[in-house]
Amino acid sequence: MADVQLLYIGGEWVKSRSGKTMPIRNPANGEVIAEVPDASTEDAAAAIDAAHRAFPQWSSLPAIERGRYLLRAHALLEERKDEIARLITLENGKPYEEAKKEVQFALGYFTWFAEEARRVYGEIVPPPVPHKRLWVLKQPVGVVAAITPWNFPATMVTRKIAPALAAGCTVVLKPASATPLTALAIAKAFHEVGLPPGVFNVVVGRNSSALGDAFLSDRRVRKIAFTGSTEVGKVIMRGAADQIKRLSFELGGNAPFIVFEDADLERAAEGAVAIKFLRVAGQSCICANRIYVHEAVHEKFMPLFVERVKALKVAQGFEEGAQIGPLINEQTLSKVEELVEEAVAQGAKVAVGGHRLTSGPYAKGFFFAPTVLESVREEMRVAREEIFGPVAPVMTFSSEEEIIRRANDTTYGLAAYFYTRDLSKAIRVAEALEYGMIGVNDASGYTHEIPFGGYKESGLGREGGKEGIEEYLETKSISLWIS
Ligand code: NAD
């Protein structure tokens, strides 16, 4: 019998008003692991009501006290971190060891923002006339609707709710319908540490656009914090126009990974494997999407890269040594397969992989073999679109000027990586790439201390860093006349 979950609204665990539920399946074997309520717009409205009622009291608590709730939830979740990682592996499919790292990283946002809350400073501004006194105040935006994707079921949640709650906002979270269990476990921890009712609410449902509309059309929701595809981001942006809602977006990417002729090739090959394959089997927005290797080192680099890819272990998430799990669903798997088949039909060569895995332990899951494609050209869809799977298209280049132009020739601008030992080149290229996050000889991912976010169609605003809390604050200017 699958685990039965409830919605978290106004500090209570409740069924959906319609009584409907939906199954959550393990993408590695198709088994139903839980039944969750399938929330409707009425449930969303009840959650907004609760968040709206909780706002005056929560926002007027001193920041240090709000931070204490985050720290208490952090401590509890720290005790349960293996259990949370288990849920992530079950609902998302990523290897258990990788899920454990995600939980650790996700929880770091609680401590970071509990501390940042105390540093939300205003300003006293020198007045231009003698009788005025001027100051600038930062205040929480109000009720926030947070919408998150399935690829990082813990991090995507904490990176939004931690700064929002720390800033004094109240939150209605709608996690991805594929992975709501982690979000509900986080809510459970907040419930147990006594977070006041309504400060944090979770609604789970399969009709994402109806729930999204419920947030967009309600004037009490002042801000939408969204992570997901650029396509859905645009739908939300259009919908937000009517009420000029505050928005922050973390959207799709098409990250270039550039290996210059003077790079440490071993390190570059290791970095390419890590950032292409070892993050949710390539289903991450900052995954390398296009690998560019200087023509002078291409022949040396390829065996270093391909050998490492061949050694990757594709397995169900709880198997010892698993490195690559399944893709999230059939649709994602078919798209990856289609991109590879189309590229091959247009002249790309498969150096390794190139197909679904369908037998033995893979028979009931959405597995794709780690794949390296050579002789790729930029007009192929595999180089233009976000792949979201374990497929690395490789291309060559011959000059710095050329590769900067090619790397920037995309509507996306989230993350970019390059390897060189030349310091001047490192600075020139880092400055010239039109991306929000640049890894120089570093593909090891991000930390809480720096802002995360994209240029162009990859996003709006930043999460993490000191910027992360700003997204949940309004600025008020106060002018006082004194006699
Ligand atoms: P998605 O856009 O399909 O869904 C994201 C969330 O939005 C889910 O909760 C979904 O239910 C909800 N949603 C879908 N349609 C909606 C609508 N009309 N109104 C309101 N909500 C709606 O994305 P996904 O497939 O879950 O995630 C993969 C995408 O997320 C990729 O493009 C990836 O690059 C992006 N992503 C970006 C970042 C980042 O930080 N930039 C991080 C992780 C994922």
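Below or above, wherever it landed, is the structure these notes cover. (Residues numbered from 1 in each chain as written. Predicted model: local features only at pLDDT ≥ 70, side-chain atom pairs only at ≥ 80, totals over all residues. Heavy atoms only, no water.)

1. A look at the site of the ligand
For step 1, the next point in the chain: With respect to spatial proximity, 27 residues lie near the ligand, and among them T148, S208, S229, L251 and E386 are the closest.
For step 2, the next point in the chain: Residue S208 places a side-chain N or O atom 2.7 Å away from an oxygen atom belonging to the ligand.
For step 3, the next point in the chain: Taking 840 Å² as the accessible area of the ligand by itself, protein coverage stands at 87%.
For step 4, the next point in the chain: At the level of secondary structure, the elements contributing two or more residues to the shell around the ligand comprise helix 5 (155–167), helix 7 (208–217), strand 11 (221–227) and helix 8 (230–240).
For step 5, the next point in the chain: Considering every element that reaches the shell around the ligand, the biggest residue donor is helix 7, with three residues.
For step 6, the next point in the chain: Across the shell around the ligand, the residue classes tally to 14 nonpolar, nine polar and four charged.
For step 7, the next point in the chain: Among the domains, domain 1 (3–252 + 458–480) and domain 2 (255–411 + 415–448) are the pair contributing at least three residues each to the shell around the ligand. (Near = heavy atom within 4 Å. Polar contact = N/O pair within 3.5 Å; in protein donor to acceptor, adjacent residues only side chain to side chain. Areas by Shrake-Rupley, 256 points an atom, 1.4 Å probe, with all protein chains shown as cover. Helix = DSSP H or I, 4+ residues; strand = E, 2+ residues; numbered from the N terminus. Nonpolar A, V, L, I, M, F, W, Y, C, P; charged D, E, K, R; others polar. Domains from an automatic or database assignment.)

2. Looking at the packing of aromatic side chains
For step 1, the next point in the chain: Across all of its chains, the model carries 17 aromatic pairs by this definition.
For step 2, the next point in the chain: With a centroid separation of 6.2 Å and an interplanar angle of 20°, the aromatic rings of Y109 and F113 are classed as stacked. You can see Y109 and its partner F113 sitting in helix 4 (residues 96–116), four residues apart, about one turn around the helix.
For step 3, the next point in the chain: The class for Y109 is buried, based on a relative accessible area of 1%.
For step 4, the next point in the chain: Residue class for F113 comes out buried when judged on its relative accessible area of 0%.
For step 5, the next point in the chain: Ring geometry for W150 against F388: centres 5.8 Å apart, planes inclined by 85°, an arrangement best described as edge-to-face. A residue pair is termed long-range when its members are at least 10 positions apart, and W150 in the loop between strand 8 (143–147) and helix 5 and F388 in the loop between helix 12 (381–384) and strand 19 (391–397) qualify at 238 residues. Residues W150 and F388 agree in their burial class; the two are buried.
For step 6, the next point in the chain: Members of the aromatic cluster, each reached through a chain of ring pairs, are F105, Y109 and F113.
For step 7, the next point in the chain: Its guanidinium or amino end placed over the ring of Y69, R72 lies 5.0 Å from that ring's centre, counting from NZ or CZ.
For step 8, the next point in the chain: Stacked on the ring of Y472, the Lys or Arg K223 has its end atom at 4.8 Å from the ring centre. (Phe/Tyr/Trp six-rings, centres within 6.5 Å; stacked < 30°, edge-to-face > 60°. Buried < 20%, exposed > 50% of the residue type's maximum accessible area, 1.4 Å probe, protein only. Lys NZ or Arg CZ within 6 Å of the ring centre and 35° of its normal.)

3. Overview of the packing of helix 3 (residues 81–92) against helix 4
For step 1, the next point in the chain: Two elements in contact, helix 3 and helix 4, have axes separated by 8 Å at closest approach and are oriented at 125°. Taken together, the axis directions place helix 3 and helix 4 in an arrangement best described as oblique. Viewed along their axes, helix 3 and helix 4 form a crossing whose handedness is right-handed. Two secondary-structure elements touch here, helix 3 through K81, D82, I84, A85, R86, I88 and T89 and helix 4 through Y96, A99, K100, E102, V103 and Q104. (Axes fitted to C-alpha atoms, helices over the stretch in contact; angles between N-to-C directions. Parallel < 35°, antiparallel > 145°, perpendicular 65-115°, else oblique. Left-handed = near helix turned anticlockwise from the far one by under 90°. Contact = heavy atoms within 4.5 Å.)

4. Notes on the pattern of salt bridges
For step 1, the next point in the chain: Within the structure shown, the criterion is met by 35 salt bridges.
For step 2, the next point in the chain: Across the salt bridge formed by E463 and R159, the nearest N and O atoms sit 2.9 Å from each other. Taken together, the residues span a long stretch of sequence, with E463 in the loop between strand 22 (459–460) and helix 15 (467–470) and R159 in helix 5 at a distance of 304 residues. As far as burial versus exposure is concerned, E463 and R159 are alike and both buried.
For step 3, the next point in the chain: One salt bridge in this structure joins E338 and R381, with 2.7 Å as the shortest N-O distance. On the criterion of sequence distance, the pair formed by E338 in helix 11 (residues 330–345) and R381 in helix 12 is long-range, its members being 43 residues apart.
For step 4, the next point in the chain: Note on E338: relative accessible area 40%, which makes it partly exposed.
For step 5, the next point in the chain: Judged by relative accessible area, which is 18%, R381 ranks as buried. (Salt bridge = Lys/Arg side-chain N within 4 Å of Asp/Glu carboxyl O.)

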